[in-house]
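Notes for the structure review
Below, each chain spelled out in residue letters.
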Amino acid sequence: YRWFEMKYLIGFLLVAVAAGISAYVRLMPISPTAVTQNYVTDTDLPGGFVAVREFSGNSSDALARVKAIALATPRTVRVAQNPLTFVTRSAGFGFPDITQVMIQNDKLIIHAHLVYGKSDLGVNKTRVFEWLDAIGPL
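Everything in this summary refers to the structure shown in the same document. (Residues numbered from 1 in each chain as written. Predicted model: local features only at pLDDT ≥ 70, side-chain atom pairs only at ≥ 80, totals over all residues. Heavy atoms only, no water.)

Counting buried positions over the nine residues of strand β5 (residues 96–104) gives eight, a clear majority of the element. Here six bridges tie strand β4 (residues 84–89) to β5, and the two strands are oriented antiparallel to one another. Pairing of Phe 86 across the sheet is with Thr 99, part of β5. In sequence, β4 turns back onto β5 through a hairpin of six residues, with Gly 94 there showing a positive phi of about 85 degrees. Between β5 and the antiparallel strand that follows it, strand β6 (residues 107–114), lie two residues; Asn 105 among them carries a positive phi value of about 50 degrees. (Buried < 20%, exposed > 50% of the residue type's maximum accessible area, 1.4 Å probe, protein only. Helix = DSSP H or I, 4+ residues; strand = E, 2+ residues; numbered from the N terminus. Pairing = 2+ DSSP bridges.)

Okay, the sheet that holds β5 next. Backbone-to-backbone hydrogen bonds join strands into a sheet, with any given pair of strands oriented parallel or antiparallel. Taken in spatial order, the six strands line up as β1-β2-β6-β5-β4-β3 in an open sheet, and their pairing is antiparallel. Looking at strand neighbours, the two that pair on one side only are β1 (43–45) and β3 (76–80), the edges of this open sheet. Here the average twist between neighbouring strands, direction ignored, is 20 degrees. As defined by bridge partners, β5 adjoins β6 across eight bridges and the pair is classed as antiparallel. What sits directly across from Val 101, in β6, is Ile 110. Strands in contact with helix α3 (residues 123–135) are β1, β2 (48–54), β4, β5 and β6; relative to β6, the strand with the most contacts, it is inclined by about 150 degrees. (Axes fitted to C-alpha atoms, helices over the stretch in contact; angles between N-to-C directions. Contact = heavy atoms within 4.5 Å.)

A turn of α-helix holds 3.6 residues, and therefore any two residues three or four places apart point the same way. If you check helix α2 (residues 59–71), its first and last C-alpha atoms are 18 Å apart, about what 13 residues at 1.5 Å a residue would give, namely 18 Å. Against β3, β4, β5 and α3 lie the buried residues of α2. For α2, the N-terminal capping position is held by Asn 58, with its side-chain oxygen 2.8 Å away from the main-chain nitrogen of Ser 60. (Expected span 1.5 Å × (residues − 1). Polar contact = N/O pair within 3.5 Å; in protein donor to acceptor, adjacent residues only side chain to side chain.)

None of this, on its own, says anything about what the molecule does.
Pasting the structure below:
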């Protein structure tokens, strides 16, 4: 009989801890920092990815295309305009990833990285390539 009660107490505590983690991740303010390094090629980073593409067109049109594609991505919102910055949250706990899009030195740069943890399990790289595929030729 006592074990039965302990099982429910442990279950309740696990649910409470999970709810606390979820609330923390969803409610903590996110402060995106601008990418300061000039990347010249695609780069895998710990917890993120940077894609660099040659660009020779109207930068406003290109950024508008990226913005439309990004906002069509599930659980993605724009949080800043310059540089164009988005937060995409995971489906489960809502872990945030930040993606910044900019044009520097005739290159379109898309830099996606996690906010919490050490590994993004490749989701940022996958998202960046999905956006690049949707953008098409620049």
